[in-house]
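What follows is each chain in one-letter form.
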Amino acid sequence: MDRIRIGIIGAGSYGEAHAQALADHDDLQVVAASRNDAQALQAFCERYTCRGYTDNAELLADPEIDAVVIATPHHLHTDLLLAAAAAGKHVLLEKPMAPTLPECRAIIDAVRQAGVKFMVGHVNHFARAYQTARQILDSGEVGEIVLGVSTMSKFWYEPNRRWWHLQRATGGGMWMTAGIHCLDRLTWLVGAPVVSTSASLSARFHDQDADDGGMVFLRYANGAAGTIISVGYADGAPKHLTELTCTRATLNVDYVNGVSIGRGERWEPVPDSGAANWMRGALVEEWQQFKTYLRTDGAPSPVSGEYAYHIMSVIFAAEESSARGVEIPVPLEYPYA
């Protein structure tokens, strides 16, 4: 596979971020995009010199497309993924997989049956700070993770907030939209599945159906424990940080400032471990790994459907815990990878 031809389903704000990242790869080409808003779609296609479709089915029928990225509202993921798999397109699906567990199962079944390559866009895996932290942990330098706190506290009504973000039925809420990043990055660093969770999620800052904040406690299969702080405030100041207590050191992981190792009663910054425009760099790396996956027979997905399914299982278990006020076990339905 020489040049890989990409279709962007959902040419909105995040579809644009993908298009900008794709422009950094000479061997990846955006050939088509889709969006309901015909005027906005035309402007997008002029910027990236590609064909535009207001009908997603027409884009998926385009024989010149090798793979698609699905960057639509969350509640549209499942039907689009099923159609893409049936059309024989490889898929990079934005997180979260889908708003319900049966839909997540249907997605895994569809890609397996179709034999297409599939990856879920958990972008933190590709951020420089988190890749650096994972390398440090894998080296054994700081020992094993004992405790982790992963925080995402941000202004909820940012410019790209849409109506579907505010309703749980459409996969909205701070927990599923943004708190999932905290859950994913901590679980990826711990390197073990979650076995149970206890949570408190609610809408305390805005008049909306879905949650806008909460705290989630996690027990991991390897004995580690974690806490997720997921807040979409009405007024405040942002905090995006993962704090790890390991057996031989402590670690702070920050997108922009990078990784710092705590030992000997002082913090040691790890050089070149952060990035001011971390998201752009992470998306460029995400596409780098996706194209390598597409070109390599038998290669594992950089973020497998089975791993993403486990993350969604924890998302739903935390919601159940919050509603019932009890700790909820998280079954491991697929091999953790």
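Rules of the game
- All chains use their own residue numbering, which begins from 1 and follows the written sequence.
- Thresholds applied to this predicted model are a pLDDT of at least 70 for local features of residues and 80 or more for the giving and counting of side-chain atom pairs; totals over whole chains, interfaces and linings are not thresholded and use all residues.
- Excluding hydrogens and water, the side-chain values take into account all heavy atoms of the structure.
- We call a set of buried Ala, Val, Leu, Ile, Met, Phe, Trp, Tyr and Cys residues a nonpolar core when their side-chain atoms join them within 4.5 Å.
- Per-residue accessibility, obtained with a 1.4 Å probe over protein chains only, is compared with the maximum for each type, and a residue is labelled buried under 20%, exposed over 50%, and partly exposed between these values.
- Secondary structure elements are defined from DSSP: runs of H or I of at least 4 residues count as helices, runs of E of at least 2 residues count as strands, and each element is numbered from the N terminus.
- Contacts are residue-level and defined by heavy atoms, with any inter-residue pair within 4.5 Å sufficient.
- By the criterion used throughout, a crossover qualifies as right-handed when its path from the first strand across the helix to the second strand runs clockwise, the strands pointing away from the viewer.
- Between any two strands, pairing holds if DSSP finds at least two bridges.
- Only Phe, Tyr and Trp rings are paired, with Trp represented by its six-membered ring, and only when their centres lie within 6.5 Å; those with planes under 30 degrees apart are stacked, over 60 edge-to-face, the remainder tilted.
- Throughout this description, the term charge over a ring refers to an Arg CZ or Lys NZ atom that lies within 6 Å of the ring centre and within 35 degrees of the ring normal.
- Only the contacting stretch of a helix is used when fitting its axis, a line to C-alpha atoms as for every element, and angles between N-to-C directions run 0 to 180 degrees.

(A) The nonpolar core, seen in detail. If you look at the biggest cluster of nonpolar residues, it comprises 110 residues, and the most contacted ones within it are Phe44, Val68, Met97, Phe118, Leu218 and Trp287. Per element, the largest residue contribution to this core is 11 residues, and it comes from helix H7 (residues 174-190). When sequence neighbours within four positions are dropped, the list of residues in contact with tryptophan 287 reads Ile6, His18, Ala21, Leu22, His25, Leu28, Val69 and Leu92.

(B) Geometry of the pairing of strand E2 (residues 28-34). Burial within E2 is extensive, with 6 of its 7 residues counted as buried. A crossover connection joins strand E1 (residues 4-9) to the parallel E2 through helix H1 (residues 13-22); in handedness this β-α-β unit is right-handed. Taken together, the 3 bridges between E2 and strand E3 (residues 51-53) define a ladder with parallel strand orientation. By the bridge assignment for E3, serine 34 is matched with tyrosine 53. Once you follow E2 into helix H2 (residues 38-48) and on to E3, the crossover reads as right-handed.

(C) Inspection of the packing of aromatic side chains at higher detail. The tally for this structure, following the rule as stated, stands at 6 aromatic pairs. Ring centres of tryptophan 287 and phenylalanine 290 lie 5.6 Å apart, and the angle between their planes is 80°; on these two criteria the pair is classed as edge-to-face. Pair noted here: tryptophan 287 and phenylalanine 290 are both in helix H8 (residues 278-295), with a separation of 3 residues, about one helical turn. Ring geometry for tyrosine 309 and tyrosine 334: centres 4.8 Å apart, planes at 85°, overall edge-to-face. With tyrosine 309 in helix H9 (residues 305-324) and tyrosine 334 in the segment after strand E15 (328-329), the pair connects residues that are 25 residues apart, well separated along the chain. For the pair formed by tyrosine 309 and tyrosine 334, the shared burial category is buried. Feature note: the residues Tyr130, Tyr255 and Trp278 constitute an aromatic cluster, connected by ring pairs. Taking the ring centre of tryptophan 156 as reference, the NZ or CZ of arginine 161 above it sits at 3.9 Å.

(D) Structural detail: the sheet that holds strand E12 (residues 250-254). One open sheet accounts for 9 strands, arranged E14-E13-E12-E11-E7-E10-E9-E8-E15; its pairing is mixed. Because the sheet does not close on itself, it has two edges, and the strands there are strand E14 (266-269) and E15. Here strand E8 (residues 194-202) pairs with E15 via 2 bridges, running antiparallel. Bridge pairing in E15 links serine 196 to proline 329.

(E) Representation of the sheet that holds strand E5 (residues 90-94) within the structure. Spatial strand order, E3-E2-E1-E4-E5-E6: 6 strands in an open sheet with parallel pairing. Taken across any chain shown, the strands that pair with only one partner, and hence form the sheet edges, are E3 and strand E6 (118-121). Direction aside, neighbouring strands of the sheet carry axes that sit 25° apart on average. As paired strands, E1 and E2 are joined by 6 bridges and run parallel to one another. Across the sheet, the residue bridging to glycine 7 is alanine 32, located in E2. Across the sheet, H1 touches E1, E2, strand E4 (67-70) and E5, and the angle it forms with E1 is around 165°. In the packing of H2 onto the sheet, contacts are made with E1, E2 and E3, and the angle to E2 comes to roughly 170°.

(F) Looking closely at unusual backbone geometry. The omega angle of the peptide bond from lysine 95 to proline 96 is -10°, so this bond is cis rather than trans. Turning to its location among the elements, proline 96 is positioned in the loop between E5 and helix H5 (101-114). Not every positive phi belongs to a glycine, and threonine 49 is a case in point at roughly 50°. For threonine 49, a relative accessible area of 68% corresponds to the exposed category.

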